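Structural overview
Listed here are the chains, written in short residue letters.
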Number of protein chains: 2
Amino acid sequence: MTNKTPSVESPICPLPRRHSDKIVQGHGSGGKMMADLIKDVFYPPLANPALLAGDDAGVVEISDGVRLAISTDAHVVSPLFFPGGDIGKLSVCGTVNDVAMVGARPLYLSASFILEEGLDINILEKVVNSMKEAANEADVQIICGDTKVVAHGEADGLYISTTGIGLLEPGRSIGGSQAKPGDQVIISGSLGDHGIAVLEARGDLGFETNLESDIAPLNHLIRAMLSVSDKVHVLRDPTRGGAASALNEIAKQSQVGIILDEGSIPVKPAVAAACEMLGFDPLYIANEGKLIAVVGSEDAPRILEKMHQTRYGEDAVVIGQVEESPPGRLLLKTGLGSTRIVDLLAGEMLPRIC
Amino acid sequence: MTNKTPSVESPICPLPRRHSDKIVQGHGSGGKMMADLIKDVFYPPLANPALLAGDDAGVVEISDGVRLAISTDAHVVSPLFFPGGDIGKLSVCGTVNDVAMVGARPLYLSASFILEEGLDINILEKVVNSMKEAANEADVQIICGDTKVVAHGEADGLYISTTGIGLLEPGRSIGGSQAKPGDQVIISGSLGDHGIAVLEARGDLGFETNLESDIAPLNHLIRAMLSVSDKVHVLRDPTRGGAASALNEIAKQSQVGIILDEGSIPVKPAVAAACEMLGFDPLYIANEGKLIAVVGSEDAPRILEKMHQTRYGEDAVVIGQVEESPPGRLLLKTGLGSTRIVDLLAGEMLPRIC
């Protein structure tokens, strides 16, 4: 016998996990657990520059000078229909917006459906018609699809995965890593409408708000913004995980500090009341028709002016600015004058919100 | 009272249905019920030339002279792992193949995951690694993804939707409508391996076959075929619904008759035995690494010779030919010398096979 540490050879070397070994709702949250899952499970084998960029859409050059933006989303919202929209409209707008958020012009969508046996075909028809309406408004075409059927109890009604393909203008570079100290942070309208509207449709709210989801295709709004400025540095739609998660991602990608002014953040009274009651923070509630723009401060007034002329940007306001430090952090200046860190959510607040 | 038919005005005018008003497994079969669902529910609102072409991938011109092929598939195979592959390999190969079947070079994939709460993360890791291996073999990159989590009982382990984007060579026109009288019909290898292997993995077979799924990316095989001939008119992978469904679609799209010679159709003894026992016809069993090619007869020998030099085409044979009539029909010359119509399946034989 010696004191030597025994040499143990393991044929399998499991990744160290900072989270549970089973999938839980938090892994789909848009927050920290999801970020960890992506970093631990998806990035190591699949790593490539387009994926690792971590933007809403992957950007690739498909032939000389022709750059595509490609984005995909699975849609599992519950219930299928809610005030202001349904899973069909969501599946089109969500993907159109992700493609538009890198500055690309969305052109084509694919749609794949997983249907639960027993689903009423009239429901499917309503959903498909709603996809068509949203596609018309966004001026995109759905050019391929697929349908799978699973047994009763192996899905919940229907799920839709959409992938969007858009064309990038030459020279344009918009992405999460482009925020610069001095930039202004714009939000296109009030926060949290989608999340609270879906929650109400689930019957989880306990009171009536008359609130509608804000679902909308934002590509035309973005075209308008880009037509008046080449200083739109970052665009992101604050969906799952809300504005807090989107801004945290941007702060990390650009290694800047982002400082929000609480008093300037637009939140409708019904959303504020619902959040108050449920203990939620509107900064973490999902939106489906809003965008965050980080723009050069000299162009902020003209970008805002242009946004105010559009249907989905009329309530746009500046809610904060970018600073050098603390790098990778989102801070909130409260109404009381204090400043607090706004972090990624650890777990899941509202499952199946999109 | 008069004899006049009463005028009834209905604000809602439901489509006449030739099928049930609820989704059933048959709607995901790749057979007649699915074709009807697509025709009744998806085509009327979404109609556009790329979608209506009815090929494995939609083809669009995204900028001057740059044509893309785009295809999508939801993958819900059960079980997740089976001899020869798993849902990860399937999700990559299935989509790579669909893009390649219009003659395009597959380049990029998106992948969206629907995960059931409680799924073991090690399973997800194995599946993602398997996607990576398949993507490496096919020489494609997975450039964007999405992950949603649903509660236990709202999915079955995990589902993956993939969309593939490929580049079409200028001038090349391959599609279901290009079959011409006189053309030869080639199959790249034996039929039914995937379907029977999955059935066995489910424990539904009752005996052991040692059969493996044929899942494979076929894009390199197709490149090889196209390098020796410009008379490859149609390519299709006979997945759900098998060769019978794929050939029926081609006969209808091209308005030609396709006549198969039963004796020349390659079927492994284990598949033949399983089909015999279960009352299945190998022509309807799903394949995931086979292709059907309809080619100009003068080029058939050189195409076959080239196929025989490749890994996934070494057993390629001619199984039939294209004739002028009966238009839209698939016929089988049996070993007894009789000829019978091979129609689309009405319902579902093997749910969740891909």
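Rules of the game
- Residues numbered from 1 in each chain as written.
- Chains lettered and ligands numbered in written order.
- Predicted model: local features only at pLDDT ≥ 70, side-chain atom pairs only at ≥ 80, totals over all residues.
- Heavy atoms only, no water.
- Helix = DSSP H or I, 4+ residues; strand = E, 2+ residues; numbered from the N terminus.
- Rg over C-alpha atoms; globule rule 2.2 N^0.38 Å.
- Buried < 20%, exposed > 50% of the residue type's maximum accessible area, 1.4 Å probe, protein only.
- Areas by Shrake-Rupley, 256 points an atom, 1.4 Å probe, with all protein chains shown as cover.
- Lys, Arg positive; Asp, Glu negative; His and termini not counted.
- Charge placed at Lys NZ, Arg CZ, Asp CG, Glu CD.
- Expected span 1.5 Å × (residues − 1).
- Contact = heavy atoms within 4.5 Å.
- pLDDT = per-residue confidence, 0-100.
- Phe/Tyr/Trp six-rings, centres within 6.5 Å; stacked < 30°, edge-to-face > 60°.
- Lys NZ or Arg CZ within 6 Å of the ring centre and 35° of its normal.
- Pairing = 2+ DSSP bridges.
- Salt bridge = Lys/Arg side-chain N within 4 Å of Asp/Glu carboxyl O.
- Domains from an automatic or database assignment.
- Polar contact = N/O pair within 3.5 Å; in protein donor to acceptor, adjacent residues only side chain to side chain.
- Nonpolar A, V, L, I, M, F, W, Y, C, P; charged D, E, K, R; others polar.
- Core = buried A, V, L, I, M, F, W, Y, C linked by side-chain atoms within 4.5 Å.
- Buried area = accessible area lost by both parts, 1.4 Å probe.

Here we look at the overall build of chain A
Along its length, chain A carries nine helices and 14 strands. Its C-alpha atoms give chain A a radius of gyration of 21 Å, within 12% of the compact-globule value 20 Å for 354 residues. If you line up chain A on its principal axes, its C-alpha atoms span 80 × 55 × 55 Å. In chain A, buried positions account for 60% of the 354 residues. Here chain A has roughly 13500 Å² of accessible surface; of this, 52% comes from carbon and sulfur atoms. Averaged over its 29 positive side-chain charges, chain A has a centre that lies 5 Å from the centre of its 46 negative ones.

Looking at helix 7 (residues 242-254) of chain A
All names here are of chain A. The terminal C-alpha atoms of helix 7 lie 19 Å apart, and with 13 residues this matches the ideal 18 Å at 1.5 Å per residue to within 8%. Of all 13 residues in helix 7, 10 are buried, a share of seventy percent or more. Buried residues belonging to helix 7 abut strand 8 (184-187), strand 9 (232-236), strand 10 (257-261), strand 11 (292-295) and strand 13 (329-333). Downstream of helix 7 by one or two residues, Gln255 has phi in the positive range, about 50°.

Some words on the confidence of the model for chain A
Residue and element names in this part refer to chain A. Of the residues in chain A, 94% reach a pLDDT of 70 or more, and the chain-wide mean stands at 92. Throughout residues 1-16 the model reports pLDDT below 50, and contacts reaching past four residues in sequence, or to other chains, amount to three contacts. The ipTM, which scores confidence in the relative placement of chains, is 0.92 for this predicted complex, and the corresponding pTM is 0.93.

Observations concerning the packing of aromatic side chains
Throughout the structure, instances matching the rule amount to two aromatic pairs over all chains. Here Lys126(A) stacks its cationic end above the ring of Phe81(A), 4.6 Å away from the centre of that ring.

Topic: the pairing of strand 2 (residues 66-75) of chain B
Residues and elements named next belong to chain B. For strand 2, a buried count of nine out of 10 residues is recorded, marking the element as mostly surrounded by other parts of the structure. Relative to strand 2, strand 1 (residues 58-63) runs antiparallel, the two sharing five bridges. For Ser63, the partnering residue across the bridge sits in strand 2 and is Val66. Linkage of strand 1 to strand 2, two consecutive antiparallel strands, is achieved through a turn of two residues, within which Gly65 is found at a positive phi near 75°.

Focus: the pattern of salt bridges
All told, the structure shown has 37 salt bridges over all chains when counted by the stated rule. Through salt bridges with shared partners, one network takes in Asp73(A), Arg240(A), Asp146(B) and Lys148(B).

Comments concerning the environment of Val267(B)
Residue and element names in this part refer to chain B. With respect to the element layout, Val267 can be found in the loop between strand 10 (257-261) and helix 8 (269-278). Expressed as a C-alpha distance, the spacing of Val267 and Ile114, which sit 153 residues apart in the sequence, is 35 Å. The residues touching Val267, leaving out its near neighbours within four places in the chain, are Ser190, Leu191, Ala272 and Pro282.

Regarding the domain arrangement of chain A
Residue and element names in this part refer to chain A. Split into domains, chain A comes out as domain 1 (48-168) and domain 2 (176-341). Using C-alpha coordinates to define each centre, domain 1 is positioned 23 Å away from domain 2. Taken residue by residue, the interface counts 29 residues in domain 1 and 26 residues in domain 2. Here Arg236 and Asp55 are joined by a salt bridge, their closest N and O atoms 2.6 Å apart. Here domain 1 is connected to domain 2 by 12 residue pairs in polar contact (both at pLDDT 80 or more). Of all the secondary structure elements, the ones that give two or more residues to the side of domain 1 that touches domain 2 are strand 3 (81-82), strand 4 (85-86), helix 3 (87-100), strand 5 (105-116) and helix 4 (121-138). Per element, the largest residue contribution to the side of domain 1 that touches domain 2 is eight residues, and it comes from helix 3. Here the residues of the side of domain 1 that touches domain 2 sort into 14 nonpolar, seven polar and eight charged.

A closer look at the nonpolar core
Of all hydrophobic cores here, the largest spans 48 residues; its most connected members are Phe113(A), Leu115(A), Leu124(A), Leu158(A) and Ile196(A). The biggest single contributor to this core is helix 4 of chain A, with eight residues. Shared between two domains, this core takes at least three residues from each, and those domains are domain 1 (48-168) and domain 2 (176-341) of chain A. Membership of the second largest hydrophobic core comes to 47 residues, among which are Val41(A), Phe42(A), Leu119(B) and Val140(B).

A look at the interface of chain B and chain A
The figure often quoted for interface size is the accessible area lost as the parts come together. On the chain A side, the residues contacting the 77 residues of chain B number 77 residues. Surface buried jointly by chain B and chain A totals about 6800 Å² across both partners, of which 65% is contributed by carbon and sulfur atoms. Inspection of the chain B/chain A interface yields six salt bridges. The salt bridge partner of Arg352(A) is Glu154(B), with a shortest N-O separation of 2.8 Å. Between the two partners, chain B and chain A, sit 28 residue pairs in polar contact (both at pLDDT 80 or more). Where the side of chain B that touches chain A is concerned, the elements lending two or more residues are helix 1 (32-46), helix 2 (49-52), strand 1, strand 2, strand 5 (105-116), helix 4 (121-138), strand 6 (141-150) and strand 7 (158-168) of chain B.

Here we look at the environment of Asp139(B)
Residues and elements named next belong to chain B. Considering the arrangement of structural elements, one finds Asp139 in the loop between helix 4 and strand 6. Taking the relative accessible area as the measure of exposure, Asp139 reaches 59% and is therefore exposed. Between the C-alpha atoms of Asp139 and His220, which are 81 residues apart in sequence, the distance is 9.1 Å. If sequence neighbours within four positions are ignored, Asp139 has contacts with Pro106 and His220.

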